[in-house]
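# Architecture at a glance
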Amino acid sequence: MNSPDALILLIEDDLQTRRFLKSNLTLNGWACTEAKNAQSGLESLRQQFPDMVILDLGLPDMNGIEVITHIRQYSEIPILILSARGLEVDKIAALEAGADDYLTKPFSNGELNARLLALLRRARRSGTLHDVFVSGELTVNLAQRRVSLANQEVHLTPIEYNLLAQLVRHAGLVLTHRHLLKTVWGAEHIQDSHYLRIYMGQLRHKLELDPARPKYLLTEVGVGYRLAVNESPTALNDLPKLA
Ligand code: CA
């Protein structure tokens with residue numbers, strides 16, 4: 001997707017960050033409209049019909065979580081939040097209020113573009129289930145519930161599969177521990193984070209060449225997990241032996 005053909009609304013009060021973002025967005029072919037506070041951002045949202053929102057959580061006139069809650073009352077537009085490093089609690093609160101993903105400052109142009117493309121892809125296919133996910137050597141066929149690595153079928157337990165399927169449905173985006181526990185194990189298990197650690201470990205053993213340095217099933221420290229998209233294929237003989 002070289003020309004994303006989408007309008008991004010950038011809500012950020014810091015002039016320097018706004019300039020950095022705008023020049024990178026433009027360079028990558030995105031159209032961009034700017035707002036320097038929540039009030040004018042919400043106005044632009046209603047008047048300019050952007051395709052996505054990039055929202056700084058630290059705005060002068062409104063708390064970022066309030067902005068998200070406000071937008072979600074009338075719009076399903078993808079929201080990418082920008083947050084300062086170490087504020088995991090804020091990221092989780094923003095995701096739970098309805099944001100789709102986040103970037104931690106400072107971030108690279110490449111990361112920014114990858115996140116936006118993942119959001120746009122998901123938004124454009126929403127309503128139609130994307131049946132087959134491919135990243136590097138990993139293929140997940142959701143319609144057939146089949147998983148393969150370098151064309152060899154991988155046998156997963158039902159829970160391992162359900163966990164992977166959740167990540168596939170949001171490929172490239174972060175999913176919180178709470179979201180995964182709730183959707184895979186049920187609302188009564190949202191505190192049982194050890195389930196998630198154990199099953200993620202099992203999945204990595206089955207799907208990763210080096211489970212300690214995963215390239216598909218990525219950890220977002222303190223927040224959750226993310227399935228990497230567009231991993232480049234590895235040589236066949238580098239892959240782990242499959243049972
Ligand atoms: Ca700010």
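Residues numbered from 1 in each chain as written. Predicted model: local features only at pLDDT ≥ 70, side-chain atom pairs only at ≥ 80, totals over all residues. Heavy atoms only, no water.

In total, this model carries 14 salt bridges according to the counting rule given. With a shortest N-O distance of 3.0 Å, R72 and D100 are connected by a salt bridge. Here D100 lies in the loop between α4 (88–97) and β5 (101–105) and R72 lies in helix α3 (residues 64–72), a separation of 28 residues in the sequence. Of the residues examined, D100 reaches a relative accessible area of 16% and is grouped as buried. With a closest N to O distance of 2.9 Å, E153 and R146 form a salt bridge. The network of salt bridges with common partners includes D101, R115, E220 and R226. (Salt bridge = Lys/Arg side-chain N within 4 Å of Asp/Glu carboxyl O. Helix = DSSP H or I, 4+ residues; strand = E, 2+ residues; numbered from the N terminus. Buried < 20%, exposed > 50% of the residue type's maximum accessible area, 1.4 Å probe, protein only.)

A few words on the sheet that holds strand β6 (residues 132–135). Read across the open sheet, the 4 strands follow the order β6-β7-β8-β9; overall the sheet is antiparallel. Two strands lie at the open edges of the sheet, namely β6 and β9 (152–154), each paired on one side alone. The average undirected angle you get between the axes of adjacent strands in this sheet is 25 degrees. By the bridge criterion, 4 bridges tie strand β7 (residues 138–141) to strand β8 (residues 146–149) in an arrangement that is antiparallel. Paired with N141 across the strands is R146, a residue of β8. (Pairing = 2+ DSSP bridges. Axes fitted to C-alpha atoms, helices over the stretch in contact; angles between N-to-C directions.)

Glancing now at the packing of α3 against α4. Between α3 and α4, whose axes approach to 9 Å, the crossing angle comes to 10 degrees. As summarised for this structure, α3 and α4 are arranged roughly parallel, according to the angle between their axes. Where α3 approaches α4, its residues I65, I68, T69 and R72 are matched on the opposing element by D90, A93, A94 and A97. (Parallel < 35°, antiparallel > 145°, perpendicular 65-115°, else oblique. Contact = heavy atoms within 4.5 Å.)

With that settled, consider the sheet that holds strand β12 (residues 224–227). As summarised here, the arrangement of the 3 strands in space is β10-β12-β11, forming an open sheet in which the pairing is antiparallel. Two strands close off the open sheet at either side, each with one partner strand: β10 (174–176) and β11 (217–220). When strand polarity is set aside, the average angle formed by the axes of neighbouring strands in this sheet is 30 degrees. With 3 bridges connecting them, β10 and β12 associate as antiparallel partners. Paired with V174 across the two strands is R226, which belongs to β12. In the packing of helix α6 (residues 158–169) onto the sheet, contacts are made with β10, β11 and β12, and the angle to β12 comes to roughly 70 degrees.

In this model, the protein carries a mean pLDDT of 87, and residues with pLDDT of at least 70 account for 91%. The weakest mean pLDDT in the protein belongs to β6 at 84; the strongest belongs to helix α8 (residues 193–207) at 96. Note that pLDDT drops below 50 for residues 233–243; the model gives that stretch 17 contacts with residues more than four away or on any other chain. (pLDDT = per-residue confidence, 0-100.)

By secondary structure assignment, the location of R115 is in helix α5 (residues 109–125). Those residues in contact with R115 that sit more than four places away from it in its chain are L80, D101, Y102, L103, G172, E220 and R226.

A few words now on the coordination of the calcium ion. Protein coordination at the calcium ion: the donors are D13 (OD), D56 (OD) and G58 (O), at 2.2 to 2.4 Å from the metal. Mapped onto the sequence, the donors of the calcium ion take the spacing D-x42-D-x1-G. (Donors = N, O, S within 2.8 Å, 3.2 Å for Na, K, Ca; no water.)

Domain boundaries in the protein define domain 1 (7–126) and domain 2 (132–235). Computed over C-alpha atoms only, the centres of domain 1 and domain 2 are separated by 26 Å. Facing 14 residues of domain 1, the contacting portion of domain 2 comprises 16 residues. Both sides of the domain 1 and domain 2 interface together cover about 1100 Å² of buried area, and 54% of this is carbon and sulfur. By the criterion of area lost to domain 2, the three top residues of domain 1 are E96, Y102 and R122, representing 34% of everything that side buries. (Domains from an automatic or database assignment. Buried area = accessible area lost by both parts, 1.4 Å probe.)

For the rest of this paragraph, the subject is the nonpolar core. Core analysis: the largest hydrophobic core is formed by 28 residues, its most contacted members being L138, V147, L164, L217 and L227. Those elements giving two or more residues to this core turn out to be β7, β8, α6, α7 (177–185), α8 and β12. With 6 residues, the single largest contributor to this core is α6. L138 has contacts with F133, V147, S148, L149, L207, Y216 and L227, leaving out every residue within four places of it along the chain. By size, the runner-up hydrophobic cluster in this structure holds 23 residues, among which are A35, L45, M62 and V174. (Core = buried A, V, L, I, M, F, W, Y, C linked by side-chain atoms within 4.5 Å.)

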